Amino acid sequence: MELQTVSHYDKIECDRIRRLYHEAFPIEERAPFALLMKRVRQERAVMYSLHHHGQWCGMIYLIMGKDIVYIFYLAIDSSQRGRGLGKLAMKALLDRYPQHRVFLALEDWHDTAADNREQRLKRHEFYRQCGLSDLPYHIKEGNVIYSIMGTNGKIEPPEYKMLMNRYAGFFMRLIVDFRMIP
C-alpha cells in the first residue's frame, strides 16, 4: 500500500477523493470538503491518496500534532472494499508514524439501540485487528459523540483540545464543540 500526499493543486485526485468522502461518510460526520482542503493548504492537516499495485483505492485525512496523529477520515473506494485494503492502509499509516500516538474516533459500538450496531461492532473489531486499543474517553465533535481507539498510549483531554484548537482555528472553535469527555 502506498500513501501519496495529496496537493490541493491536483484537481483529479481531489475530485475522486471528494466523491468518495461524500459517499463514505454520513452528512452529520462530514466537514465541508473545501474546509478540509483549506486545512491541508495551511499545513494543519495531511491528506493521503491510497494506491495498491498502482491502482487508486481510497483516502486518509489526518490531523497532526507533535507526537499525535488523529485519523479524521479513512475510506476505501466501494469497488475495492472487502479485499483487505483497509488493513493494508492502516499498516502503511502505522509504519509511517511509528513513534506517534495514533488515534481515531468511531461510532460507539456499545450502543445496543443503534440501527447499525452490527456495522459498529465490525468496525471496532477491524481497528482492533489493526492494532488499536480502546481508549478511556469519548470525543464530542459538534453534536456527535464518538468512542476512541488508539496506539502507543492514550491521548489526554488537554492534548486533544490543543490539537483541535490548532486545527480548527478561532472562528471554527466558536461554532463547533470539540472536546474529550469521560
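S.K.: Hey, could you go over the nonpolar core for me, with residue numbers and the actual values?
M.R.: M47, Y61, Y70, Y73, F103, Y160 and Y167 are the most contacted members of the largest nonpolar core, which has 37 residues in total. When residues of this core are traced back to their parent elements, those giving at least two are α1 (11–24), α2 (33–41), β2 (45–52), β3 (55–64), β4 (68–76), β6 (133–141), α5 (157–175) and β8 (178–181). The element that contributes the greatest number of residues to this core is α5, accounting for six residues. Apart from residues no more than four positions distant in its own chain, Y160 is found in contact with Y70, F103, I139, K140, E141, I155, F178, R179 and M180.

S.K.: Could you give an account of α2, with specific residues and numbers?
M.R.: When we look at burial in α2, the residues that qualify are F33, L35, L36, M37, R39 and V40. Trailing α2 by a residue or two, E43 shows a phi angle of about 60°, which is positive.

S.K.: Before we move on, can you summarise the packing of α2 against α5 with the specific residues and values?
M.R.: Relative to each other, α2 and α5 sit at 125°, their axes nearing to 10 Å. Of the possible angle classes, the one that applies to α2 and α5 is oblique. As α2 packs across α5, the resulting crossing turns out to be right-handed. Along its contact with α2, which presents L35, L36 and R39, the element α5 presents Y167, A168, G169 and M172. Per-class residue counts for the contact of α2 with α5 are five nonpolar, one polar and one charged.

S.K.: Pulling in residues and values, what's your account of helix α4 (residues 117–129)?
M.R.: Helical periodicity: at 3.6 residues per turn, an α-helix aligns residues three or four positions apart in one direction. Over its 13 residues, α4 runs 18 Å from end to end, which matches the ideal 18 Å to within 8%, given 1.5 Å per residue. Where α4 is concerned, the buried positions are R120, H124 and Y127. Mapping the buried residues of α4 onto a view down its axis gives an arc of 65°, with all of them on the same face. Exposed residues lying more than 90 degrees from the buried face of α4 are E118 and K122. Of the surrounding secondary structure, the elements contacted by the buried residues of α4 are β4, α3 (85–96), β5 (101–106), β6 and β7 (144–150). At the C-terminal side of α4, G131 shows a positive phi close to 105°.

S.K.: A description of the environment of T151 should follow, citing residues and the corresponding values.
M.R.: By the secondary structure assignment, T151 is in the loop between β7 and α5. For T151, a relative accessible area of 10% translates into the label buried. Counting along the chain gives 134 residues from T151 to I17, while the straight-line C-alpha distance between them is 26 Å.

Criteria and thresholds
- Residues numbered from 1 in each chain as written.
- Predicted model: local features only at pLDDT ≥ 70, side-chain atom pairs only at ≥ 80, totals over all residues.
- Heavy atoms only, no water.
- Core = buried A, V, L, I, M, F, W, Y, C linked by side-chain atoms within 4.5 Å.
- Buried < 20%, exposed > 50% of the residue type's maximum accessible area, 1.4 Å probe, protein only.
- Helix = DSSP H or I, 4+ residues; strand = E, 2+ residues; numbered from the N terminus.
- Contact = heavy atoms within 4.5 Å.
- Axes fitted to C-alpha atoms, helices over the stretch in contact; angles between N-to-C directions.
- Parallel < 35°, antiparallel > 145°, perpendicular 65-115°, else oblique.
- Left-handed = near helix turned anticlockwise from the far one by under 90°.
- Nonpolar A, V, L, I, M, F, W, Y, C, P; charged D, E, K, R; others polar.
- Expected span 1.5 Å × (residues − 1).
- Arc of directions from axis to C-beta.

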